[in-house]
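Here is how the chains run, residue by residue.
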Amino acid sequence: MSSVISLIISRSTGVDDTTFKELNSLNGFQPSGHVTEHLRDNQTANGIIDNNGVSYLSLVWEYPDSTNAGLYRCEANGVDDAGHPVSINSTVFVSSSYPDVSVLVSELKKMNSVIELFNQTMTTKLEDLNQAFRAVNVYHQTWDTRMEFAKKFIFKNWTVFNNHQYLLSYPRSIINIEDFQAVCEVFGGYLVEIDSIAEFTYLHNFISSFSEFLSVKTGATDEAEENHWVYLHSGTVFNDIQWAQDQPNEGRLNNCMSFHRLRNWYLTDDPCHAVTQTFENGFICEIPH
């Protein structure tokens with residue numbers, strides 16, 4: 001190809017889907033043959049057609065998620081030395097994955113420490129109070145945006161009952177009760193503490209509507225003393241609310257309380273730490289309003 005006329009980026013939703021939807025294009029007839037556009041969904045397009053150098057077209061997402069996965073095709077159209085039309089294309093499949101929980105927890109804690117330090121610094125600069133307030137407001141808006149984005153990556157759904165918010169995680173293969181509690185604390189809460197039949201019934205109905213889970217961890221454990229169930233956050237004793245039949249019965253092997261699908265979503269004693277072959281294990285956080 002001796003001369004590039006246009007560049008096109010398209011996407012299909014899967015490897016076997018041959019229907020491509022154009023996302024962005026660039027042609028040599030545009031002024032200067034250059035494009036920089038801020039598109040929807042935090043997307044930016046950059047590119048240039050330069051027949052004396054390098055031509056390219058790129059798409060960048062500031063906050064990519066699973067909806068951006070798929071089969072991408074880059075197409076270049078132009079002419080050869082004889083003036084004949086030439087079209088070249090290449091495809092690549094972009095997959096998606098959820099970030100590791102421990103990495104997210106670490107980064108969010110770092111961000112929280114930065115905010116605390118920032119606020120302390122601002123309070124010492126009384127002579128420029130108005131400017132400090134504006135900066136704090138902007139920073140907190142950024143923090144809230146990032147927390148909301150992180151929330152969507154970690155949690156599948158959420159609901160509110162009696163002025164408490166409940167966040168249900170995406171199903172995962174790794175069970176680690178300490179990591180689950182740490183995630184809840186970053187978002188201002190703790191692994192759920194069931195204090196009444198009404199609360200249990202509401203969460204039972206909420207969790208049972210998601211068929212992909214096998215078990216969902218709560219905040220109760222008898223790890224310190226067998227059959228003495230206490231909550232990790234408050235240290236209060238769990239009253240025997242809606243155990244499944246013959247539960248708890250797993251001795252020293254299983255020391256953490258879960259809602260369990262095979263027991264019609266009643267409470268069972270399950271492992272506090274495990275690695276499974278399937279993504280069927282979740283946890284639920286409780287955040288007081």
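Below is a summary of the structure that appears in this document. (Residues numbered from 1 in each chain as written. Predicted model: local features only at pLDDT ≥ 70, side-chain atom pairs only at ≥ 80, totals over all residues. Heavy atoms only, no water.)

### Overview of the overall build of the protein chain
Going by this rule: In DSSP terms, a helix is any run of H or I states spanning at least four residues, a strand is any run of E spanning at least two, and both are numbered starting from the N terminus. Any residue under 20% of the maximum accessible area for its type is buried, any over 50% is exposed, and the rest in between are partly exposed; the area is computed with a 1.4 Å probe on protein chains only. In this description, contact between two residues means that some pair of their heavy atoms is separated by no more than 4.5 Å. Working definition of accessibility: Shrake-Rupley area with a 1.4 Å probe, residue cover restricted to the visible protein chains.
In terms of regular secondary structure, the protein chain is built from 4 helices and 17 strands. A buried classification covers 39% of the 289 residues belonging to the protein chain. Taking as baseline every contact in the protein chain between residues at least 6 positions apart, the subset at least 24 positions apart corresponds to 61%. For the protein chain, the exposed area adds up to about 16200 Å²; of that, 52% sits on carbon and sulfur atoms.

### Regarding the environment of N157
Residue position: N157 is located in strand β8 (residues 155-161). Sequence-distant contacts of N157, that is, excluding residues within four places in its chain, are made with Y166, L167, L168, F206 and F210.

### Some words on helix α3 (residues 177-186)
Keep this limit in mind: Any pair of nitrogen or oxygen atoms within 3.5 Å is treated as a polar contact; in protein, a donor-acceptor pairing is required on top of that, and neighbouring residues in sequence qualify only through side-chain atoms on both sides.
Counting buried residues along α3, 7 of its 10 residues qualify, which places the element largely inside the surrounding structure. Inspection of α3 places I177, F180, Q181, A182, V183, C184 and V186 among the buried residues, and these make up the whole buried set. In this structure N176 caps α3, since a side-chain oxygen of it lies 3.1 Å from the backbone nitrogen of E178. Backbone geometry just downstream of α3 places G188 in the positive-phi region, at approximately 85°.

### Comments concerning a negative patch on the surface
Here is the rule: What makes a patch is a set of residues exposed beyond 30% relative accessible area and free of salt bridges, joined within 9 Å when like-charged and within 5 Å when nonpolar (Val, Leu, Ile, Met, Phe, Trp, Tyr). When a carboxyl oxygen of Asp or Glu is within 4 Å of a side-chain nitrogen of Lys or Arg, the pair counts as a salt bridge. A residue counts as positive if it is Lys or Arg and as negative if it is Asp or Glu; His and the chain ends are not included. In this description, the location of a charge corresponds to atom NZ of lysine, CZ of arginine, CG of aspartate or CD of glutamate.
Residues D100, E178, D179 and E223 make up a contiguous surface patch of negative charge. Tracing the chain through its elements places E223 in the loop between β12 (215-221) and β13 (230-231). Accessibility expressed as a relative area gives 36% for E223, which makes it partly exposed.

### A closer look at the pairing of strand β14 (residues 256-260)
This is how the line gets drawn: Being paired, for any two strands, means DSSP has found at least two bridges between them.
For β14, the buried fraction is high: 5 of the 5 residues fall into the buried class. With burial as the criterion, each face of β14 is covered, one bearing C256, S258 and H260 and the other bearing M257 and F259. In this structure, β14 lies alongside strand β15 (residues 266-270), joined through 5 bridges in antiparallel fashion. Counterpart to F259 in the pairing with β15 is L267. The turn joining β14 and β15, which pair antiparallel and follow one another in sequence, is formed by 5 residues; a positive phi near 60° is taken by N264.

### Structural notes on the state of the cysteines
Note on terminology: disulfide describes a covalent bond linking the sulfur atoms of two cysteines. How we decide: Note on terminology: disulfide denotes any pair of cysteine sulfur atoms within 2.5 Å.
Summed over all chains, the structure comprises 2 disulfides. What links to what in the protein chain: the bonded cysteines, counted in sequence order, pair as 1-4, 2-3.

### Some details on the pattern of salt bridges
Taken as a whole and assessed by the stated rule, the structure comprises 2 salt bridges. Between K156 and E212 there is a salt bridge whose closest N-O contact spans 2.7 Å. Note that K156 is positioned in strand β8 and E212 in the loop between α4 (197-207) and β12, a separation of 56 residues in sequence. The partly exposed category is assigned to K156, whose relative accessible area is 29%. Between R261 and E280 there is a salt bridge; the shortest N-O distance is 3.6 Å. Taken together, the residues R261 in the loop between β14 and β15 and E280 in the loop between β16 (273-275) and β17 (281-288) connect sequence positions 19 residues apart. By relative accessible area, E280 is classed as partly exposed at 22%.

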